[in-house]
Amino acid sequence: MDKLIYLRGKSKYIMCDNGPEFTSISMDQWAYKEKIKLQFITPGKPVENAFIESFNGKFRDECLNEHWFSSIDDAKRKIDLWRHEYNTERPHSSLGNLTPFEYAEKLKYEMNNAIIL
């Protein structure tokens, strides 16, 4: 999360489901320290966070279900290859057929060249 803040800047809040990775004391303490509000979806209502549910489905179908992981290092390597392809090589219709990397670069360019009135 610290790396994401470094790369993309800090959000005011993070929308989370109610999984143990987001309801842990360490996550709560980290968010408090960073002054980031954790906003939880209503239990049993995954449509409140549909974007991540869609991503999770793609990740499961296209990566986790397609590979056999022989070790933690093997899993990290295969997941990183999938993540790289997903973010830098594959256009997303929801992003105007840009890759997430291209879309982020476009936003960065637009923000740097915006005229503030």
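A few points on the structure. (Residues numbered from 1 in each chain as written. Predicted model: local features only at pLDDT ≥ 70, side-chain atom pairs only at ≥ 80, totals over all residues. Heavy atoms only, no water.)

Further remarks concern the overall build of the protein chain. Check the secondary structure of the protein chain and you find five helices and two strands. Along the chain direction, N to C, the helices and strands of the protein chain fall in the order α-β-α-β-α-α-α. By its C-alpha atoms, the protein chain is 55 × 35 × 30 Å across when sized along the principal axes. The proportion of buried residues among the 117 residues of the protein chain is 21%. Long-range pairs, those at least 24 residues apart, make up 37% of the contacts in the protein chain between residues at least 6 apart in sequence. As displayed, the protein chain offers around 9,400 Å² of accessible surface, 58% of which is attributable to carbon and sulfur atoms. Across the protein chain, 17 positive and 18 negative side-chain charges occur, with their mean positions spaced 5 Å apart. (Helix = DSSP H or I, 4+ residues; strand = E, 2+ residues; numbered from the N terminus. Buried < 20%, exposed > 50% of the residue type's maximum accessible area, 1.4 Å probe, protein only. Contact = heavy atoms within 4.5 Å. Areas by Shrake-Rupley, 256 points an atom, 1.4 Å probe, with all protein chains shown as cover. Lys, Arg positive; Asp, Glu negative; His and termini not counted. Charge placed at Lys NZ, Arg CZ, Asp CG, Glu CD.)

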